[in-house]
Amino acid sequence: MTMINYFRFLLFCSFGVLLSACNDNSNNSSIDTFDRELMLTHWADNIIIPRYETYVSSLEDLESKTEEFITNASVDNFDVLRSSWLSSYTAWQAVSMFEIGKAEENGLRNYTNIYPTDTNKINQNIAEHDYNLTLPSNFDAQGFPALDYLLYGLSEDKSEAAYLLTQSDRNLYLSLLVTRLKLLAEAVVDDWKSGYREEFIANKGSSATASVDKIVNDFLYYYERFLRAGKVGIPAGVFSGSSLSHTVEAPFCGVYSKDFLLASLTAVQDFFNGKSHLSNGTGESLNAYLDYLNTKIEGADLAVLINSQFDSARNKINSLNQNLKKQVETDNVKMLEAYDELQKVVILFKVDMMQALNIKVDFIDADGD
Amino acid sequence: MKKLLFLLPVLCIILFSCDKDENQNPVLAPDTYSFERNGLTTISFSGQTTRIGMGTELILAMKNVNNSKDLLLEMFRNQKEDGTDANPFTEEDLNASLKSIKSKVAASADLFTTNTVESALIKTDIETWIMAQVDEVFSSANQLAGIGVAGQIADGTIARYVSAKGIEYDQLVNKALVGALMLDQMVNNYLSLAILDANEQIVDNDNSVLEEGKNYTTMEHKWDEAYGYLFGKSASVAEPLLTLGNDDVFFNKYLARVESDGDFSGIAQQIYDAFKLGRAAIVAKNYNVRNEQVAILQEKLSEVVAARAVYYLQQGKNNIPIDGGLNYGTAFHDLSEGLGFVYSLMFTRRPNSPNTYFTKAEVDGFIATLVEGNGFWDVTPETLDSISEMIAAKFDFTVAQAAE
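Conventions adopted
- Residues numbered from 1 in each chain as written.
- Chains lettered and ligands numbered in written order.
- Predicted model: local features only at pLDDT ≥ 70, side-chain atom pairs only at ≥ 80, totals over all residues.
- Heavy atoms only, no water.
- Helix = DSSP H or I, 4+ residues; strand = E, 2+ residues; numbered from the N terminus.
- Buried < 20%, exposed > 50% of the residue type's maximum accessible area, 1.4 Å probe, protein only.
- Contact = heavy atoms within 4.5 Å.
- Phe/Tyr/Trp six-rings, centres within 6.5 Å; stacked < 30°, edge-to-face > 60°.
- Lys NZ or Arg CZ within 6 Å of the ring centre and 35° of its normal.
- Buried area = accessible area lost by both parts, 1.4 Å probe.
- Salt bridge = Lys/Arg side-chain N within 4 Å of Asp/Glu carboxyl O.
- Polar contact = N/O pair within 3.5 Å; in protein donor to acceptor, adjacent residues only side chain to side chain.
- Domains from an automatic or database assignment.
- Nonpolar A, V, L, I, M, F, W, Y, C, P; charged D, E, K, R; others polar.
- Expected span 1.5 Å × (residues − 1).
- Arc of directions from axis to C-beta.
- Bend = angle between axes of the 7 residues up to and from the residue.
- Pairing = 2+ DSSP bridges.
- Core = buried A, V, L, I, M, F, W, Y, C linked by side-chain atoms within 4.5 Å.
- Axes fitted to C-alpha atoms, helices over the stretch in contact; angles between N-to-C directions.
- Parallel < 35°, antiparallel > 145°, perpendicular 65-115°, else oblique.
- pLDDT = per-residue confidence, 0-100.

**What about the overall build of chain A?**
Tallying secondary structure elements over chain A gives 15 helices and 2 strands in all. Looking at chain A as a whole, 53% of its 369 residues qualify as buried. Within chain A, contacts between residues separated by at least 24 positions form 77% of all contacts whose residues are at least 6 apart in sequence.

This is the structure we're talking about:
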């Protein structure tokens, strides 16, 4: 709480600084004629839809590897299944921020990656055969975190884990969860391809419900809540006062938690810079928009500041243990340091960038009860 | 500062010199809420600590969909349905106690001594919501909520359990108790002259007559009992602001929330200081200074509840999905809290007046407007703004100041 207040205070201070900075700016900049439609088109065609397509095909692979494992529960097939899970979980990191359109309507993120997963609830669901995965109370009994438990949490011994997964109808639950992930993702990509893309691009104005305002808010919300807080801050105990190592992402397999964080950070930074998913090309982006507006903070380009702050955060993260749970348990100060660098991006985004783009933050800090 | 302190007695003399009957003893507040006689503390408020503890367990129990109506009602009444002793709590001291939440709900001397009809209605309101939590909400716990359908709804990543109108009864009861129990007992009961000066208490206090077997005068004790409804679970009795907000889920918590809004910063210290100076005034037998603190406390404690009511109505308004989506969970959570604080408005007390800021009829009108039709599913921003404005208009703050 104190920490949150402190950041609020920081935000408040930066806000004051910015107000005066902005006034200088508005004198020499004319009306905003940046081509939002071009940016939205680039986002949809070269970033969002291709990333979703990669994600969906990774889930199709996961589904087929699951079927193969259920048919023949060999250790080899188990290895292949685990590695397919890793690919699709990694691909998820690149799309989670786009909670808009059908993804928003269906609550995609809530059904895909809420952790820590509730292993008691999972076991109860498996035992009772009578559950409704659409209920919010089952958010934490499905998706990738539940698969993490089923694939890595049943036993530390690989062949025993593979065996246990075939027992007591666990394989049915596994298959159900995987298929559900695939169907949820397909619904989103199908929607983008059957009219939502056009709607998204046509909604090119500047208002609380316009596409740019909405997706930038989604992007910011994702960064603040799910990347900064979810992957780093909460396990490091920033919000609770004491560290909570079990709340890292994918704690049962453990060693990929840092990779997921890095994948997420790269996906965020690439979106900011407008980097295409399937090539090294870039197009119109938040970075370009800020350049167009010539946004400077004490003489420095805001977009440059944001990228260099991303890089500082990445450097801190690179020095962490592959297994963030171990990092928290052995040297939490390094986690806190990484959090601090990630937090500095929030301030640049939430205060400086939003102000420059004239976008109102549409979410508020929950008061925690 | 020291100069000012020297001036204080002079000030008192000037202020009260024309009123010959009044006591003119100078009052100096101690640094902390710490009062002793013969080397032992004179402060006691165990009954308040007990009731806050019972309330805490009740609210927690209202969040567990497996709990029965009987258990929840027993927690509210600390009695079984047939009136015999119940042991519904996990904390043994609470089971051992014969006190209850219910006996002190809408039970203040000033408002309810001659209005047991309304007192009974308020107790019934709260019991109705407790029962509805089981009958309407828990029984629908395994289905999705919709317009006119009770069930689960997502608030961010977590599940909330709401009635067909979108109400979380646990939130409503929690926030209604802030008014019906804590605020009412403080501003309309223990800080009321009807309680402080009852019987021979002024004479007894003047002569330092202690309650039998106790180290305090009755008047001192009454004052401390008001203090206990705010700080009864605080780690330090003397310096409770050190842990403000972490000590309970009732008044303490929401005073901290209001304090953290820059427009209200300092209010926690003002309330603490008034409690401290008023208590010192009782020790000094200076009832003018005491009464001035009563007025400050009535105003400020009432303001906390009003500010919180406006805050949650505005948060709810801001969280209503703007584009016709169905993500109402966050808004419903805010509005459920707001509904409880609105209910609590009927206990807010105008200083130097026998009246509350709002009558029960006015509050019932707000509640009816908020829950009419499909309730929170179709409440409009205009309605939320209009009620917010009506609340703020009676206090020394604006809707905008309370909203964030």
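**Some details on the packing of aromatic side chains**
Residue and element names in this part refer to chain B. All told, the structure shown has 50 aromatic pairs over all chains when counted by the stated rule. Just above the ring of Y311 sits the side chain of R308; from NZ or CZ to the centre is 4.0 Å. The ring of F358 carries the charged tip of K394 above its face, separated from the ring centre by 4.3 Å.

**Describing the interface of chain A and chain B**
At the interface, 15 residues of chain A touch 28 residues of chain B. Of the roughly 1,600 Å² buried between chain A and chain B, counting both surfaces, carbon and sulfur atoms make up 50%. Put simply, chain A and chain B have 0 salt bridges between them. Here chain A and chain B share 2 residue pairs in polar contact (both at pLDDT 80 or more) between them.

**Side note on the pattern of salt bridges**
Residues and elements named next belong to chain A. All told, the structure shown has 36 salt bridges over all chains when counted by the stated rule. R197 serves as the salt-bridge partner of D45, at 2.5 Å between the closest nitrogen and oxygen. Of this pair, D45 sits in helix 2 (residues 36–71) while R197 sits in helix 9 (residues 170–202), and the two are 152 residues apart along the sequence. Given a relative accessible area of 30%, D45 falls into the partly exposed group. We classify R197 as partly exposed; its relative accessible area is 22%. Ionic pairing is found between D311 and R314, a salt bridge with its closest N-O pair at 3.2 Å. Of this pair, D311 and R314 both sit in helix 13 (residues 302–318), 3 residues apart, roughly one helical turn. Since its relative accessible area comes to 36%, D311 is described here as partly exposed.

**Section: the domain arrangement of chain A**
Residue and element names in this part refer to chain A. Here chain A is described as being made up of domain 1 (1–31 + 205–369) and domain 2 (52–204). The interface of domain 1 with domain 2 comprises 30 residues on the first partner and 27 residues on the second. Summed over both sides, the interface between domain 1 and domain 2 buries roughly 2,500 Å², with carbon and sulfur atoms accounting for 64% of that surface. Looking only at domain 1, the three residues that lose the most surface to domain 2 are S211, F252 and F260, adding up to 25% of its buried area. The interface formed by domain 1 and domain 2 holds 1 salt bridge in total. Ionic pairing is found between K214 and E104, a salt bridge with its closest N-O pair at 3.0 Å. Where domain 1 meets domain 2, there are 12 residue pairs in polar contact (both at pLDDT 80 or more). Where the side of domain 1 that touches domain 2 is concerned, the elements lending two or more residues are helix 10 (211–236) and helix 11 (257–273). In terms of residues, the side of domain 1 that touches domain 2 owes the most to one element, helix 10, which gives 10 residues. Taken together, the residues of the side of domain 1 that touches domain 2 sort by class into 17 nonpolar, 9 polar and 4 charged.

**Description of helix 13 of chain A**
Residue and element names in this part refer to chain A. Between the first and last C-alpha of helix 13 there are 24 Å, a value that for 17 residues agrees with the 24 Å anticipated at 1.5 Å per step. If you check which residues of helix 13 are buried, you get L302, A303, I306, N307, Q309, F310, A313, R314 and I317. Buried residues along helix 13 cover an arc of 160° about the axis, so they all sit on one side. Residues of helix 13 that are exposed and point more than 90 degrees away from the buried face comprise V304 and N315. In this structure, the buried side of helix 13 is in contact with helix 10, helix 11, helix 12 (286–292), strand 1 (296–297), strand 2 (300–301) and helix 15 (332–357).

**Side note on unusual backbone geometry**
Cis geometry is found at the peptide bond from Y115(A) to P116(A), where omega equals 5°. If you trace the backbone, P116(A) turns up in the loop between helix 5 (108–112) and helix 6 (119–128). Positive phi outside glycine occurs at N78(B), with the angle close to 50°. Considering the arrangement of structural elements, one finds N78(B) in the loop between helix 3 (69–77) and helix 4 (92–96). Judged by its relative accessible area of 3%, N78(B) falls in the buried class.

**Quick word on helix 15 of chain A**
Residue and element names in this part refer to chain A. The terminal C-alpha atoms of helix 15, which comprises 26 residues, lie 36 Å apart, in line with the 38 Å expected from a rise of 1.5 Å per residue. When the local axis directions of helix 15 are compared, the greatest deviation, roughly 30°, occurs at F349. A large share of helix 15 lies buried, amounting to 19 of its 26 residues. One or two positions beyond helix 15, positive phi appears at N358, with a value near 60°.

**Quick look at the environment of E239(B)**
All names here are of chain B. Turning to its location among the elements, E239 is positioned in the loop between helix 10 (218–231) and helix 11 (251–259). Along the backbone, E239 and V105 are 134 residues apart, and their C-alpha atoms lie at a distance of 27 Å. Apart from residues no more than four positions distant in its own chain, E239 is found in contact with T32 and Y272.

**What about the pairing of strand 3 (residues 151–155) of chain B?**
Residue and element names in this part refer to chain B. Extensive coverage of strand 3 is indicated by the burial of 4 of its 5 residues. Looking at chain direction, strand 3 and strand 4 (residues 158–162) are connected through 5 bridges and run antiparallel. Counterpart to Q152 in the pairing with strand 4 is Y161. Adjacent in sequence and paired antiparallel, strand 3 and strand 4 are bridged by 2 residues, among which G156 carries a positive phi angle near 65°.

**Some details on the nonpolar core**
In terms of nonpolar packing, the biggest core is built from 122 residues, with F251(B), F275(B), L301(B) and I391(B) touching the most fellow members. A total of 14 residues in this core trace back to one element, the largest contributor, which is helix 13 (residues 287–319) of chain B. If we ignore the near neighbours within four places in the chain, the residues touching L301(B) are L183(B), M186(B), V187(B), L191(B), L230(B), F251(B), I271(B) and F275(B). Judged by nonpolar contacts, the second largest core, of 110 residues, contains W92(A), I114(A), A161(A) and L290(A).

**Looking at the packing of helix 7 (residues 169–190) of chain B against helix 13 of chain B**
Residue and element names in this part refer to chain B. As a packed pair, helix 7 and helix 13 sit with axes 10 Å apart at the nearest point and diverge in direction by 170°. What the angle tells us is that helix 7 and helix 13 run roughly antiparallel. Contacts from V178, L183, M186 and V187 of helix 7 reach helix 13 at L297, Q298, L301, S302 and V305. For the contact of helix 7 with helix 13, the residue count by class is 7 nonpolar, 2 polar and no charged.

**A look at the confidence of the model for chain B**
Residue and element names in this part refer to chain B. For chain B, the mean per-residue pLDDT works out to 92, and 93% of the residues sit at or above 70. By mean pLDDT, the top-scoring element of chain B is helix 7 (98), and the lowest-scoring one is helix 1 (residues 2–16) (47). In this model, residues 1–21 is a region of pLDDT below 50 whose contacts with residues beyond four sequence positions or in other chains number 11 contacts.

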